[in-house]
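Chain by chain, the residues:
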Amino acid sequence: MTQPNQPRAQQQDDPSRAPRRPWAGGAVSTERRRRQGVLARGGFWLGVALCSVAVGGCAKNSVGPAPTGPAAKLVFTVQPSNAAAGAMNTPGVQVTVQDAQGNTVTTANTSITVAIGTNPASGTLAGTKTVAAASGVATFSTLSLNLVGTGYTLTATATGLTGATSSAFNISAGAAAKVVFTVQPSNAAAGAMNTPAVQVTVQDAQGNTVTTATTSITVAIGTNPASGTLSGATTVAALNGVATFSALSLNAAGAGYTLTASATGLTGATSNAFNISVGLTTVTGSVIDGSTGSGIQGAVAHFLRSGVQVAQVTAGTGGLYHTTLTPGTYDVSAEATGYVGVTLYNTAVSGTTTVIEPLTLVPTSPFPGGISGSIVDARTGVGISGATVELRLGMNAVSGAPLATTSSDALGQYQFSSLSANTYTVLVNATGYTTAVRTGIVVGGTAVSGQNVALSSVGSSTELRIVLTWGAQPPDIDSHLTGPTADGGRFHVYFAAPGSLTGTPWAALDIDDVTSYGPETITIVQQLSGVYRYSVHDYSDRFSTSSTALATSGARVDVYRGSSLITSFFPPPQDGTLWTVFELQGEQLTAVNTMTYESNPSTVQVRQVTAGGVGNDAMVIHADVTAHPKP
């Protein structure tokens, strides 16, 4: 009998035991014994189920992953993202080497190159564009594109492998970095607007337009070969990233001008060089009968420069004439049948249009006459005694020995008698005042009165004074000044709102003359940033739609800065009741010289009305005058 503890080997060799059934193989016997052991311990076997679901069955009895095939293709496994121009694409783009079944070939160290596929803006791809795969994956961490565009794609290629194309992505503008002249200034005539309008664009560092920018951009003269002055609005806010300067002009001929553009926080720019040629100025005026104010049709005007005639023109209906001249200083003479000829000396022609003082003729007469008037303070209208009054033949004749001299009396009155019928210059000096002139007339056999001269007292160098004078008709014309306020609104100084020199708006009307001649004077003691606009309104004929009274009123506007006369203006010979005379911005004074009616203010610049609506200066003048009728 076999011992219970007999060794296994002995049990197997025991001749008393039945022989063991042979197994098909050792491996199978081992597997069967392992299954039996599991079952003996209360378990269960899943081998059949596993074999039934395993890919490829259990023919080889394998339980590990299928082996990877050879490298066959490239795939973008991290796609490029939308980004700003010049900024790195984040996260880094990844391209993976795969076999035909889409498995990563982790042993691949292939060199992979990316490039632009679809290129909507002709951009340039920057950064490291060829990278060797690591564990089958190439990471491109420094890629960027420089131009704004929608629908870019990248391609990936490698030798012997099928390439790939990425998903589409977009590139937007980066942060504002600089300003650039995108429409350069052109060659132009002196005084003419630069056409097409100069444009300056806000760009990012890559040169893309920053369309969200509303930056205020300022242009100025860079290279200035002829010491010219730049006119027009020189500071403009960008719209969609672009500032358009539509009214720039230069007044002096020269070759090689440049402009500069600047904006806070951005790199500035300098334009291409351009030239300003000697341009032509349209000259307009009239020849009038000094005794009646009516135009003299058929009168002939001659324009002389350095004593040489350069143009001749015949006055048409209403005595009006037009011609074109190169900018400069001219003497202008006029004659007409039945009248004494006259010469206007040293009249300046500049800009695109110049309105010349009316050439005033008087009828020929064998009888002597006289001239008289008052010398008054432009701010108070009070007569100035002891002023020196000189009389010279011709208009604007300010040099040479006078024909006669007198002094104003205690009331400021002066008088000359026994003069031949002609046109004269009355020049006046007084202590503490700026020299002033006016055109005077002597009509044969008549002592013509009311030929007053307003003197502007010498002010500070920053003070601006605007002095309006006119003739007997119409009796009531008014000064109007509109300008900026500190809160961004606009003020209106006129007879019903005379303003203040000691507070806002720092401008005031001194007197309102309703009985002919003037003066009406507006003084500005402090200028704010922005556009000031000065206009003259014919109050007497305010309801007319066909009046020429303002044009023939003999009105004259003299503008003084400190002790100096800057310029003088005369109304254009056109019908209208509102004469928009000039605009002032900083030191730049620009002639407007347009005549309109209150019901047709289309030529007056639009501005915000303090009350909250949108209107323009002519409409405001109309509304204010209507609301405040004079006694």
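Provided above is the structure to which this section pertains.
Definitions and cut-offs
Residues numbered from 1 in each chain as written. Predicted model: local features only at pLDDT ≥ 70, side-chain atom pairs only at ≥ 80, totals over all residues. Heavy atoms only, no water. Helix = DSSP H or I, 4+ residues; strand = E, 2+ residues; numbered from the N terminus. Buried < 20%, exposed > 50% of the residue type's maximum accessible area, 1.4 Å probe, protein only. Areas by Shrake-Rupley, 256 points an atom, 1.4 Å probe, with all protein chains shown as cover. Core = buried A, V, L, I, M, F, W, Y, C linked by side-chain atoms within 4.5 Å. Contact = heavy atoms within 4.5 Å. Salt bridge = Lys/Arg side-chain N within 4 Å of Asp/Glu carboxyl O. Polar contact = N/O pair within 3.5 Å; in protein donor to acceptor, adjacent residues only side chain to side chain. Pairing = 2+ DSSP bridges. Axes fitted to C-alpha atoms, helices over the stretch in contact; angles between N-to-C directions.

Asks: What's the story with the overall build of the protein in this structure? I'm lost.
Replies: Scanning the protein from terminus to terminus reveals four helices and 54 strands. In the protein, which comprises 631 residues, the proportion classed as buried is 44%. Counting every atom, the protein has about 29,800 Å² of accessible surface; 53% of that belongs to carbon and sulfur.

Asks: Quick question: what am I supposed to make of the nonpolar core here?
Replies: Looking at soluble globular proteins, one finds that nonpolar side chains tend to be buried together. By size, the foremost hydrophobic cluster in this structure holds 34 residues, and its most contacted members are Leu-481, Tyr-534, Val-536, Val-557, Trp-579 and Phe-582. Residue contributions to this core peak at five residues, all from strand β51 (residues 578-585). Sequence-distant contacts of Val-557, defined by excluding residues within four places in its chain, comprise Ile-466, Val-467, Leu-468, Tyr-534, Val-536, Thr-567, Ser-568, Phe-569, Trp-579 and Phe-582. Of all hydrophobic cores here, the second largest spans 27 residues; its members include Val-179, Ala-213, Phe-245 and Tyr-257.

Asks: What exactly am I supposed to notice about the pattern of salt bridges here?
Replies: Side chains that differ in charge, positive against negative, can pair when their charged atoms come close. As enumerated under the stated definition, the model contains nine salt bridges in all. Where Arg-392 meets Glu-390, a salt bridge forms, and the shortest distance between an N and an O atom there is 2.7 Å. Between Asp-478 and Lys-630 there is a salt bridge; the shortest N-O distance is 2.6 Å. Separated by 152 residues along the polypeptide, Asp-478 in strand β43 (residues 477-484) and Lys-630 in the segment after α4 (617-627) bring together distant segments of the chain. Across the pair, exposure class does not vary: Asp-478 and Lys-630 are buried alike. A single network of salt bridges, built from pairs that share partners, joins Asp-476, Asp-478, Asp-512 and Lys-630.

Asks: How should I be thinking about the side chain of Glu-390 in this particular structure?
Replies: Looking at where Glu-390 falls in the secondary structure, it is placed in strand β35 (residues 388-393). Within the structure, the side chain of Glu-390 is placed 2.7 Å from the side chain of Arg-392, a separation counted as a polar contact. In this structure Glu-390 touches Pro-402, Ala-404, Thr-405, Thr-425, Val-426 and Leu-427, once residues within four positions along its chain are discounted.

Asks: Looking at this structure, I do not really get the sheet that holds strand β44 (residues 490-493). What am I missing?
Replies: Hydrogen bonds between backbone atoms are what pair the strands of a sheet, whose relative direction is either parallel or antiparallel. Ordered by their spatial adjacency, five strands build an open sheet running β44-β43-β48-β51-β52, and the pairing between neighbours is antiparallel. Here the strands that pair on one side only, and so sit at the sheet edges, are β44 and β52 (588-596). The average angle at which neighbouring strand axes cross in this sheet is 15 degrees, direction not considered. Note: strand β48 (residues 532-538) against β51, six bridges, orientation antiparallel. Its bridge partner lying in β51, Val-536 is registered against Trp-579.

Asks: What should I look at first to understand the sheet that holds strand β2 (residues 83-84) in this one?
Replies: Overall, mixed pairing links the three strands, which are arranged β2-β12-β9 in an open sheet. Of all the strands in the sheet, just β2 and β9 (149-152) have a single pairing partner and so form its edges. Note: β2 against strand β12 (residues 169-172), two bridges, orientation parallel. In the sheet register, Ala-84 faces β12, and the bridge partner there is Ser-172.

Shape descriptors only; they carry no functional weight alone.
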